[in-house]
Amino acid sequence: MTKTPPHKPPSAPDARGTAAERRRSAGRSPERRRQSASSTPAPAASGAAPRACAARVLDAVLHRGRSLRAELVEALPMLADPRDRALVEALCFAVLRQPGRYAAALTAWMPKPPGRRDGELRTLLYLGFAQLDPLRLPAHAAVAATVEAARMLGRRHQAGMVNALLRRAQREGLPAVDPDADWPDWLRARIRDDWPEQADAVFAASVAEPPMWLRVNCRRLTREACIGRLHEAGIAAVADPHAADALHLETSMPVAALPGFADGAVSVQDLSAQCVADVLAPAAGARVLDACAAPGGKAAHLLEREPSLRLTALDVDARRLERVRETLRRLHPDLETGPDVRLLAADATAVADWWDGVPFDAVLLDAPCSATGIVRRQPDVRLHRRAADVDALVAVQAQLLDALWTTLRPGGVLVYATCSILKAENASQVEAFLARTPDARAEPLPAHLGHASGPGRQRLPGEDGGDGFFYARLRKTG
Ligand SMILES: C[S@@+](CC[C@H](N)C(=O)[O-])C[C@H]1O[C@@H](n2cnc3c(N)ncnc32)[C@H](O)[C@@H]1O
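Residues numbered from 1 in each chain as written. Predicted model: local features only at pLDDT ≥ 70, side-chain atom pairs only at ≥ 80, totals over all residues. Heavy atoms only, no water.

In the nomenclature of an unreviewed UniProt entry, the protein corresponds to 16S rRNA (cytosine(967)-C(5))-methyltransferase from the organism Marilutibacter chinensis. One UniProt comment on the protein, placed under Sequence similarities (unreviewed entry), says "Belongs to the class I-like SAM-binding methyltransferase superfamily. RsmB/NOP family." Its UniProt record gives the protein a comment under Subcellular location (unreviewed entry), which states: "Cytoplasm". (UniProt positions renumbered as here; feature names shortened; annotations may be inferred.)

**Student:** Give a detailed account of the overall build of the protein, specifying residues and quantitative values.
**Tutor:** Helix and strand counts for the protein come out as 19 helices and 13 strands. Within the span of the protein, comprising 478 residues, buried residues form 56% of the whole. For the protein, restricting intrachain contacts to residue pairs at least 6 apart in sequence, the fraction spanning at least 24 positions comes to 74%. (Helix = DSSP H or I, 4+ residues; strand = E, 2+ residues; numbered from the N terminus. Buried < 20%, exposed > 50% of the residue type's maximum accessible area, 1.4 Å probe, protein only. Contact = heavy atoms within 4.5 Å.)

**Student:** Can you explain the pairing of strand E13 (residues 469-476)? Please cite residues and give values.
**Tutor:** The element E13 is largely enclosed, with a buried count of seven among its eight residues. Where strand E9 (residues 408-418) lies against E13, six bridges are found, and the strand directions are antiparallel. Opposite Tyr416, over in E13, you have Ala472 as the bridge partner. Here four bridges tie strand E10 (residues 440-443) to E13, and the two strands are oriented antiparallel to one another. What sits directly across from Arg441, in E13, is Arg475. (Pairing = 2+ DSSP bridges.)

**Student:** Help me get a handle on helix H7 (residues 119-132), residues and values and all.
**Tutor:** With 14 residues, H7 ought to run about 20 Å at 1.5 Å a step, and its terminal C-alpha atoms sit 20 Å apart, in line with that. Counting buried residues along H7, 14 of its 14 residues qualify, which places the element largely inside the surrounding structure. (Expected span 1.5 Å × (residues − 1).)

**Student:** Summarise the UniProt feature "binding site: S-adenosyl-L-methionine" (unreviewed entry) in the protein; cite the residues concerned and give the values.
**Tutor:** Here the UniProt-annotated "binding site: S-adenosyl-L-methionine" (unreviewed entry) positions come out as Cys292, Ala293, Ala294, Pro295, Gly296, Gly297, Lys298, Asp315, Asp347 and Asp366. By secondary structure assignment, the location of Cys292 is in the loop between strand E5 (287-290) and helix H14 (297-305). Look at Cys292 and you get buried, because its relative accessible area is 16%. If sequence neighbours within four positions are ignored, Cys292 has contacts with Leu314, Asp315, Leu364, Leu365, Asp366, Pro368 and Leu400. Tracing the backbone shows Gly296 in the loop between E5 and H14. The exposure class of Gly296 is buried, given its relative accessible area of 0%. The contacts of Gly296, once residues within four sequence positions are left out, are Val324 and Thr327.

**Student:** Provide a residue-level description of the confidence of the model for the protein, including the pertinent values.
**Tutor:** As a general rule, the predicted coordinates of low-pLDDT regions are not to be interpreted in detail. Looking at the protein as a whole, its pLDDT mean stands at 90, while 90% of the residues score no less than 70. Low pLDDT, under 50, characterises residues 1-45; the stretch is placed with 114 contacts to residues that sit more than four places away or in other chains. (pLDDT = per-residue confidence, 0-100.)

**Student:** Describe helix H19 (residues 427-436), and please don't skip the residues or the numbers.
**Tutor:** For H19, the full list of buried residues reads Ala427, Gln429, Val430 and Phe433. Angular distribution of buried residues about the axis of H19 spans 165°; they occupy a single face of the element. Buried residues along H19 sit against helix H18 (387-405), E9, E10, strand E11 (451-453) and E13. (Arc of directions from axis to C-beta.)

**Student:** So what's going on with the pattern of salt bridges? Which residues, and what values?
**Tutor:** All told, the structure shown has 28 salt bridges when counted by the stated rule. A salt bridge links Arg305 to Asp278, with the nearest nitrogen and oxygen atoms 2.9 Å apart. Residue Arg305 is found in helix H14, and its partner Asp278 is found in helix H13 (residues 271-280); the two are separated by 27 residues along the sequence. Taking the relative accessible area as the measure of exposure, Arg305 reaches 22% and is therefore partly exposed. Classification of Asp278 as partly exposed rests on a relative accessible area of 32%. With its nearest N and O atoms 2.7 Å apart, the salt bridge here joins Asp361 to Arg409. Separated by 48 residues along the polypeptide, Asp361 in strand E8 (residues 360-366) and Arg409 in strand E9 bring together distant segments of the chain. A relative accessible area of 32% means that Arg409 is categorised as partly exposed. (Salt bridge = Lys/Arg side-chain N within 4 Å of Asp/Glu carboxyl O.)

In structure tokens form, the structure reads like this:
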């Protein structure tokens, strides 16, 4: 599954704040301040405003079950300065990768830590800790801006306590916690069952900030030429030895600052997602179905590799399908007249509703899944996922496999991929499919794609720098 880049936390946020903002904020009720902060763009050069904004976002995600993406989409436009927006994202991601660590500090250092009713104060303290470790912002300015944010949130009377706790964290460092502390019991147990030898590394990788990977559009420039362009802009990049279009950046950065992003010469896409194009490897001119296409990262990659494909990109979610159109248009400004692409909003399992009966040469099923392989990029997955969701996803994946198999021509190839690390969604899913589908045969995959796992291969989070991802290549016999 594609890791959508918009919320890639940028590096090196700074700590800023304006006197004007403080004056405006003072003298209003907490509720009034809250409304004001969420309805008018904050002025630039604010240190307190982005921290107050991040505390609210985190409160909604951690205490009210909201999704991080949805909260950021709502909150970020309220901040006028891109540096403020970048700081909010960096703070939210850093906290959500290990909230248990910050909660442990409050438990150790406070006789009565703030509870859910004081959610914003609690999350403000979390992000105060996170900016000291792991973000390592300049401590003096970061603490001062966080204390100011407490006042903005109507916590003037607790500003001294915020200051004291952050100073203590600065002096003593945060108490250590186990890297698996933030996983719900059921999911931790499943990962330990499925990957007993690798589970600790999986948990450790999910705490770390993920690297930034670029995909070079090989139709526009070679990977070496791209490394040269990046180098001229002061950006260090390393070519991956196996994925032909992948570049690993040594430092993450805002997408818009990447030379070549706007004109489609480079895109942001994790290594593991990029490997899907190699696994499917459709021939020139092939009729290809991308059955779960949105937001379109893999469809775009397939077309970059082979513009002569006749591609049908399908997704059940019409709004997300619009993102496929936007993605493809950035890469192919001649989308309407150039490549042979059809975008369809439909449920892939209801084949009679959308299929014209002409078989596909290749089908990509990048299936909806638990996203347990990309927790480092979507850390709130652990908060929202329930055990019953996995059972429901396994059932949908099986339906998708059965339905899409009927659209594949004899001799054709279906690639099943997920960004899950759970065997039920991956090896066991494909084993069950092979057992009930006599004309399906799994083909071997190269070892660099990860651990051999049933009929496919599994890369675990952080291995070779990539996200957790499963691949299986299934051939329809004649
Ligand atoms: C893992 S994401 C796909 C990512 C995409 N392949 C990419 O590279 O950008 C899974 C997608 O499956 C879609 N989906 C879920 N159930 C579906 C169904 N029954 N039919 C078609 N699409 C479905 C979701 O809307 C979601 O966009």
